[in-house]
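Residue-level structural notes
Below are the chains, spelled out letter by letter.
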Amino acid sequence: MTAIFSRLLNIDVPQDLVCDETGKAPEFVIDFSADGLIPFPQIIIHIHGRQHLINGDAIVQTATGEAQTRYRTRIAAGLLGAGQFTVQVEGCKKADLTQAGGGDWIKDFRELKVKPGARPQARITIAGSPGEVPVKLYFGIHKHMHQPYYNTTDPNYWDGEKDGIFGSRGGPYTDFIPAAVRQYAGGDLPHAGLSTSWSGSLIEQLDRCARDGLCGGRFGGWNGALREVAQSKTALGNPRVEFTAFGFFHPLMPLIPARDIVKQIEWHRGIIESAFGVAAGRVLFPPETAFHVRMIPALKQAGIDAVIYDSIHRFRTCRHYPYAGMSEGMLPPNHAEQVNPPVDDWLQLHNIWAGSKISPSLLKPEYVEYEDPEGEKHQIIAVPAERYIGNEDARGGFGALQYPDVLGQVYEQIVNTGCFDPQHPPFFLLHSDGDNHGGGADSYYLHNTGQLVNWLQNDPRFELMSIRDYLQQFPPDPAQAVHIEPGSWSGADNGDPQFMKWFSRYNEPYSPDLNSWAVLTAFQNMVYVIEDSHPDHPLLGEIMRLLLVAETSCYWYWTGQTVWDQQVTNAANLAYSKAKSVIDGILASRSDKTGPTIFAPWVIPENPGGKKWGQGCLEDASRQGVVHSFVYDVSGLKRVTLTLRTAQGEQTLAMENHGPYPGQTGAQVTADYVTAALPVAAGNVRYYIEAEDLKGNVSRSALERVYLA
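In this text, all values refer to a predicted model and were calculated from it rather than measured experimentally.

Parameters and conventions
Residues numbered from 1 in each chain as written. Predicted model: local features only at pLDDT ≥ 70, side-chain atom pairs only at ≥ 80, totals over all residues. Heavy atoms only, no water. Axes fitted to C-alpha atoms, helices over the stretch in contact; angles between N-to-C directions. Helix = DSSP H or I, 4+ residues; strand = E, 2+ residues; numbered from the N terminus. Parallel < 35°, antiparallel > 145°, perpendicular 65-115°, else oblique. Contact = heavy atoms within 4.5 Å. Nonpolar A, V, L, I, M, F, W, Y, C, P; charged D, E, K, R; others polar. Phe/Tyr/Trp six-rings, centres within 6.5 Å; stacked < 30°, edge-to-face > 60°. Lys NZ or Arg CZ within 6 Å of the ring centre and 35° of its normal. Buried < 20%, exposed > 50% of the residue type's maximum accessible area, 1.4 Å probe, protein only. Pairing = 2+ DSSP bridges. Core = buried A, V, L, I, M, F, W, Y, C linked by side-chain atoms within 4.5 Å.

**Focus: the packing of helix α5 (residues 258-276) against helix α13 (residues 540-550)**
Running from N to C, α5 and α13 point in directions that differ by 100°, and their axes come no closer than 11 Å. Taken together, the axes of α5 and α13 are roughly perpendicular relative to one another. Listed contacts from α13 to Asp260, Lys263, Gln264 and Trp267 of α5 are Met544, Arg545, Leu547 and Leu548. Its residues placed into classes, the contact of α5 with α13 shows four nonpolar, one polar and three charged.

So, in structure tokens, the structure goes:
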């Protein structure tokens, strides 16, 4: 009788498996042996966070001898894609597992590497094309770096916590990006590069760390490697590292006035050139990937050619969009946003978290258009950052996202549906924080980037490409402009079109977020009045900086913490104490020539007559919609009106002024809270707010849209 085993002997796992033409591993066998009989043999293959179990009849005993007992199992073709896998071979000394303890199990491990096959490029016939065109999917990578000022009124504020925050990010803020990009160049990827956004507040604080020896001197010469790699070029002569345009202090651009969007970008442009020795790019990564079409005129004024946005906000603007329900994390799209033609290539991604379907045919740069209250149209190129694939990449690159498998699903859908356009092939970004979690780890930039490069060298279906190289080769058509709904990335409460992450507790008697917006609106008007009346006033630079710092989106992100909820008020109060006499002088001389400042309006419920959030469900929303906003003018308000444009014509309604928002932060100035009820069942509506101060100065908001069921 053969004795029960005490140890595993040999484990034979194939070396250098190569995917076949389907992109999957072929059938293979695993052999192993033990020094005796294994009552319960088992194999576990660890596949990207899940386990594939093999036991029972799937494992065959092939030989028994005095020295060893041999076992074999066959792994079916198609189980694995390209990647690195752990094979766990184990046995239990007892056949009845209910009687087994921890000491009855014996385990051993092997690594299994499956390489992508050098398969020929897929070819499909394109409608209207004289022949067959190769299908190729292009993608890029974007890394975002930011730290806010932790005290709006004292840029020199520092403590041990800040030392730890910055010190733990030494690699991302110095040499990780150069290390990744050098692998692109060394791997002969001719168009590969990445874009990266750095806030001005981060750069200023890193400069201070270097100057004052903070973080143990970690940041002395912090930007040396970055300045060097900034000179590296792609095959088309574009930067392999594009330091994108950005807002200096990380403002939520859809919710600040156009003139501040321009200032934030212009200020940022200067510090990028100073820090890295190159001009900031003309592609904008908006903070929080937050975009609204009303930003377009300001972006064009600031010299921006293209803006990055989260892909789901393009998908949701299609008619017949397959809304996924609560799993999507957002309410159904408002019908006023769904003005783009339907598509029929919807794809549910697998092996990553994807709360809704995506459309590969829409994953490409396009022109997006906005029409202002005067009827003038404004366009800009919009570059999609793919929501779900980018999220997975943020967990650690090739260590988390299996590029061949997941991007392969997108590729196959393009082939199967025939939706490939050779003049505008697919291109999207994988965007994430470059200094947090998996996407900011050394493994992402070093080892996992090496795996990425190796894969791309052997898989002609895909190419890593910089934004500039793509736009140079495949410029979008301005005659095919589309609409994109508002919203941000999924990390901000799923990035809903109403930006509710920055409107927390809006339906409660007091909202710290609404309080900060009301204070900021008054603060903005105060600074604008001085800037318009005395553009060379010596105080202007100081209070302008306080204003732009106060627009940092982080001060709304962490709602409910006094240290953040108080920041905007602190900056506004300090500026007011310095500028009050200047404003009093302007009012006394009747030289105020600045119109009221109007905060971007929002509608409650978000989809009148549609759906709203309930307790763990979606429920019917009231058909009565109400527009809300904040308005302020140092000279006082004469009127605030709401102009509606419907299929029946135009009408103007008086907005109800509820007085200053009842804040709880001790603000010296705060804006008035105004509302107006919208007509029920009016269908598609365009609207804007107009406000006049007591001096006759008039301002208009952007032109907004909503569907009233």
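**Some words on the packing of aromatic side chains**
Two aromatic rings, taken as a pair, are described by how far apart their centres are and by the angle between their planes. Within the structure shown, the criterion is met by 46 aromatic pairs. Judged by centre distance (4.0 Å) and plane angle (20°), the ring pair of Trp517 and Trp556 falls under stacked. With Trp517 in helix α12 (residues 512-533) and Trp556 in helix α14 (residues 554-557), this residue pair connects regions lying 39 residues apart in the sequence. Lys143 extends its terminal NZ or CZ atom over the ring of Tyr444, reaching a point 3.6 Å from the ring centre. Lying across the ring of Tyr150, Lys162 places its NZ or CZ 4.7 Å from the centre.

**Topic: the side chain of Thr73**
Inspection of the secondary structure assignment puts Thr73 in strand β7 (residues 69-75). If near-sequence neighbours (up to four positions away) are discounted, Thr73 is found in contact with Phe28, Val29, Ile30, Ile43, Ile54, Ala58 and Ile59.

**Remarks on the pairing of β7**
Here β7 shows a clear split, with Thr69, Tyr71, Thr73 and Ile75 buried on one side and none of Arg70, Arg72 and Arg74 buried on the other. In the sheet, strand β3 (residues 28-34) pairs with β7 via seven bridges, with the strands oriented antiparallel. Its bridge partner lying in β7, Val29 is registered against Arg74. Connecting strand β6 (residues 59-64) to the next strand, β7, in antiparallel fashion are four residues.

**A short note on the nonpolar core**
Counting residues in each nonpolar core, the largest one holds 129 residues, and the members touching the most others are Phe139, Trp198 and Phe523. A total of twelve residues in this core trace back to one element, the largest contributor, which is α12. Counting 27 residues, the second largest nonpolar core, distinct from the first, contains Val13, Ile38, Phe85 and Ile106.

**Describing the pairing of strand β4 (residues 40-47)**
Most of β4 is tucked away, with seven of its eight residues classed as buried. Where β4 and strand β8 (residues 83-92) come together, seven bridges link them in antiparallel fashion. The residue bridging Phe40 from the neighbouring strand is Cys92, located in β8.

**A closer look at unusual backbone geometry**
With an omega of -10°, the peptide bond running from Ile604 to Pro605 counts as cis. Positionally, Pro605 belongs in the loop between β22 (602-604) and β23 (611-613). Even without being glycine, Asp16 reaches a positive phi, approximately 55°. Its location among the elements puts Asp16 in the loop between β1 (8-12) and β2 (17-18). For Asp188, which is not glycine, the phi dihedral falls at a positive 55°. Within the secondary structure layout, Asp188 lies in the loop between α2 (176-186) and β13 (194-198).

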